[in-house]
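Coordinate analysis (summary)
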Amino acid sequence: MDGKKLEYKGDKALKELEKLTQNADEVQENLLKEIVTRNGETEYLKKYLFGSKDVLEFKRSVPVITYKAIRPYIQRIANGEASSLITAHPITEMLCSSGTSAGEPKLMPSIEEDLDRRTFLYNLNMPIMNQYIPGLDEGKGMFLYFVKAEMSTPCGLPARTVLTSYYKSMHFKFRSRDPYTDFTSPDEAILCTDSNQSMYCQLLAGLVHRNQVLRLGAVFASAFLRAISFLERNWMNICNDIRDGQVDLTEVTDLKCRTAMSTILSLPDPRLADEIEAICSRESWKGIICQLWPKAKYIEAVVTGSMAQYIPALQYYSDEKLPLVCTMYASSECYFGVNMKPLCSPDKVSFTLLPNMGYFEFIPLGVNGTLLLDVDEDEEVPQNKLVSLVDVKLGCYYELVVTTFSGLNRYRIGDVLLVTGFQNKAPQFRFICRRNVVLSIDNDKTNEEDLHKSITVAKKLLEPYNALLVEYTSYAETSSVPGHYVIYWEIVQCSSALSSSLVNNNNVNEILANELDLNVIEDCCIAVEEELDYNYRRCRSNDKSVGPLEIRVVKPGTFESLMDLYINQGGSINQYKTPRCIKSNAALKLLDSNVKARFFSPRNPTWIP
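What you see is a predicted model, and the numbers here were worked out from it, not measured in a lab.

**Side note on the pattern of salt bridges**
Across all of its chains, the model carries 32 salt bridges by this definition. Linking Glu550 and Arg552 is a salt bridge whose minimum nitrogen-to-oxygen distance equals 2.8 Å. Residue classification places Arg552 among the buried positions, given a relative accessible area of 5%. Three or more residues joined by partner-sharing salt bridges are found here, namely Glu34, Arg38, Glu113, Asp114 and Arg117.

This is how it looks when you write it as C-alpha cells:
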C-alpha cells in the first residue's frame, strides 16, 4: 500500500473511500493479481499453481482452508524457516488471536505493510464520525487502550496481539498530533504492560480532562465496563491524586507512567477532586458516564455479536443518553471494513468491506432470513461455490474467506455475515456470529446467534423482579447420559443501581430467595429451550438424546474473575470477549467454584414433527 495513504484524513479520506467503493470490483481483481504475482513462487502456492501467476488458475486450483491447513507452515516459520514458505515478504511478527471465541489462540503471519492498511482504516473513523457529529476536533478522546507483554517465537519473531503491534509501532508512536489523535491517555500509560497501572493512569488522565472529553470508549464493550468496575473500586484514590497534584506511588510504580502523569497532574486541583468525589459518592451510578464526562457525544466500542450482551449495562451507566458506536470490523488475520452509519442502533450495525484490505470471497450460507450452517469446518468447499465481493446478494448469509499478502490464501475467517446493502459497488455486512462457536450434544447444533437470541428472550422474565442478567456463558455437559446444555448466569439486583455494593455481594442465594421467585429461573430454562431450533427441541422432546437445560447461577463478580483468568493466561484486555462456549477446564473449574444455585428445565420444550 502506498505510504501516502497514511496521510488521508478528513475530506481526503472520504474521497478515497468513495473512490474505493465505486471501483470495488477493479480494486479487488488488481489486488488479487498483485498477491498472486508476489506470492506465486512460495512453497505453499507452488503446490497448486506450479509457478503460474494466473488469477483464474488461483481461483480454479487453490483450496479453501482453515487454520489447521496453514498451521504447519506458520509453525515452521516460527521455528526459523524462511517467510517464503507462504509469502514473498519478510514476516515481521506473529499476531496472536484472542483465543476466547473459538478455543486456543492462533498465530497469524504479519508483514510490515499490514500496518499501513490498519492505519488507513483507523484514519477513516473520525472523518466518518464528523459527518454525523460535527466539532469532534474541538476536544479530546478518552479511549482505554491496552498492550499485552509480548512473547517470541523460537526464532525470535515477536508474537503479540494485533493491537499491541499497532500501539508499539511507529505508526502510533509517531502519529501526527492533531484532533484526530488527541487522546487523554498518555502513550506511556497505554504502553504499560501492567493492566492495573495502565487502567489507573488512563482513568486518572481521563478525569483530569473530563470537561474536554467529547468521545470515549474502548475496543470492546467488555473492556469499557471493566473500567467502570475498576473506577468504582479506585475513585477515592484517584480523587486524592488530583487533590494532591501527584500520583500515589503505591498505585503506580511504573517509572514511565509516573513521569507522564506528573506532567498531567502539574498542580493540585482540589476543586476538580471535589467535583468527581461528589459524583462518584452518589448512591446510584446510573448515568455516571454523562456525569463524569458531561460533554461526551458517544461511546465507541464493539457491541455487536457476543458483545451485544453488554448493551443494557452501557445504557444504564450512560442513562441511555449516548449513542453506542461501532466504527470498524477487523481481526488478527485482516482488517475488513468500516461502519458508514455509525449512529445506527447496535442491532442495525453494518460494515462496508473495503476492497483494498484483502481479497474477499464468500461461502453462501442461506437466503431470505434462513441461515444454513451446513458446510462443516473440516468439509472441503468447492472453489466454484465461492462468491466474489461484488457478487454477493442482498439478504443472503455468507461465511467470509480472505486472501492476504502475508500468506493466508482462501482462509476461512469463521465469521457469518448478512448482506444488508451496498455502498456503491462495495457490499455492507452485518456480523451475525462465529460459525464454529456452538453447543452440541447429539444432532443438535446451536450457534452463537441462536444462543444469544434465546437468552435475550429468557432474561426478560427477570425484569419484574428488578433483576438483571449481566453476563453468561455455556458448555455442553457430556459426562452424564444424556448430555445437556449448561448455561452460567450472573444476576444482580438493580432496584436502584448497578453499584459495587451489589456487584460485590456474594450471597446470591439470599438475593434470589428474597427478591426472586425461585421458579422464575426454571421458567428461564424452558424459555431458552423454547427459542432454540427445531433439531434441539426434537432431540430433547422426541429422541431424548439431550437432557434438560441447566442454568447455574454464579455469584456476582465471577465473570470478571473469568476475564482475569484469560488475561493471566496471556489474553489481552483489548481483545477479550467472554467465550460463549467454554472449552477451558480451568475456566469451567472457576465457574463451578462460584455456582450458588442450579436450576433445570421443568418440562420438555414444544416440538411438532
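**A word on the packing of aromatic side chains**
Each pair of aromatic rings is reported with the distance of its centres and the angle of its planes. For the structure on display, the rule yields 22 aromatic pairs. Residues Tyr329 and Phe336 carry aromatic rings whose centres are separated by 4.7 Å and whose planes lie at 45° to one another, so their mutual orientation is tilted. Each of the two residues, Tyr329 as well as Phe336, counts as buried. Over the aromatic face of Tyr67 sits the side chain of Lys106, whose NZ or CZ is 5.9 Å from the ring centroid. A cation over an aromatic ring shows up here: Arg118 above the ring of Tyr335, its NZ or CZ 5.9 Å from the ring centre.

**Quick word on helix H11 (residues 221-244)**
Residues separated by three or four positions in an α-helix point in the same direction, a consequence of the helix having 3.6 residues per turn. Helix length check: H11, at 24 residues, gives a terminal C-alpha distance of 32 Å against a target of 34 Å (1.5 Å per residue), a fit within 8%. The axis of H11 is deflected most strongly, by about 65°, at Asn234. Of all 24 residues that make up H11, 18 are buried, and the element is covered over most of its length. Gly245, located one to two residues past H11, shows a positive phi value of around 75°.

**Some words on the environment of Met563**
Along the polypeptide, Met563 turns up in helix H21 (residues 558-568). Owing to a relative accessible area of 4%, Met563 belongs among the buried residues under this scheme. With 341 residues separating them in the primary sequence, Met563 and Ser222 have C-alpha atoms 9.3 Å apart.

**As for helix H6 (residues 114-132)**
Along its 19 residues, H6 runs 29 Å from first to last C-alpha, staying within 8% of the 27 Å computed at 1.5 Å per residue. The element H6 is extensively covered by neighbouring structure, given that 16 of its 19 residues are classed as buried.

**Notes on the sheet that holds strand S21 (residues 550-554)**
Taken in spatial order, the 4 strands make up an open sheet running S19-S20-S21-S22, and their pairing is mixed. Two strands bound the open sheet, and with one partner strand each, they are strand S19 (467-477) and strand S22 (595-600). This sheet shows a mean twist of 25° between the axes of neighbouring strands, independent of strand direction. Examined bridge by bridge, strand S20 (residues 484-493) and S21 share 5 bridges and lie parallel to one another. Within the sheet, the bridge partner assigned to Trp489 lies in S21 and is Val553.

**Brief notes about the confidence of the model for the chain**
In the predicted model, the chain carries a mean pLDDT of 88, and the fraction of residues at 70 or more is 92%. Scored below 50 in pLDDT, residues 1-7 shows 13 contacts in the model against residues more than four places distant or in partner chains. Note that pLDDT drops below 50 for residues 495-511; the model gives that stretch 36 contacts with residues more than four away or on any other chain.

**Some points on the nonpolar core**
Ile70, Leu216, Phe224, Ile289, Phe360 and Phe362 are the most contacted members of the largest nonpolar core, which totals 153 residues. With 12 residues, H11 is the single largest residue contributor to this core. Dropping the residues within four chain positions of it, Phe362 is found in contact with Leu353, Lys385, Leu386, Val387, Ser388, Leu389, Val392, Tyr398, Glu399, Leu400, Leu417 and Phe429. Among the nonpolar cores identified, the runner-up in size contains 28 residues, and Leu469, Trp489, Cys539 and Ala597 belong to it.

**Section: the pairing of S21**
Counted residue by residue, S21 has 5 buried out of 5 residues, so it is predominantly covered. Burial along S21 is two-sided: Glu550, Arg552 and Val554 facing one way and Ile551 and Val553 facing the other are all buried. Bridge count for S21 against S22 is 5 bridges, and the pairing is antiparallel. When the bridges of S22 are listed, Val553 appears paired with Ala597.

About the criteria used
- Residues numbered from 1 in each chain as written.
- Predicted model: local features only at pLDDT ≥ 70, side-chain atom pairs only at ≥ 80, totals over all residues.
- Heavy atoms only, no water.
- Salt bridge = Lys/Arg side-chain N within 4 Å of Asp/Glu carboxyl O.
- Buried < 20%, exposed > 50% of the residue type's maximum accessible area, 1.4 Å probe, protein only.
- Phe/Tyr/Trp six-rings, centres within 6.5 Å; stacked < 30°, edge-to-face > 60°.
- Lys NZ or Arg CZ within 6 Å of the ring centre and 35° of its normal.
- Helix = DSSP H or I, 4+ residues; strand = E, 2+ residues; numbered from the N terminus.
- Expected span 1.5 Å × (residues − 1).
- Bend = angle between axes of the 7 residues up to and from the residue.
- Pairing = 2+ DSSP bridges.
- Axes fitted to C-alpha atoms, helices over the stretch in contact; angles between N-to-C directions.
- pLDDT = per-residue confidence, 0-100.
- Contact = heavy atoms within 4.5 Å.
- Core = buried A, V, L, I, M, F, W, Y, C linked by side-chain atoms within 4.5 Å.

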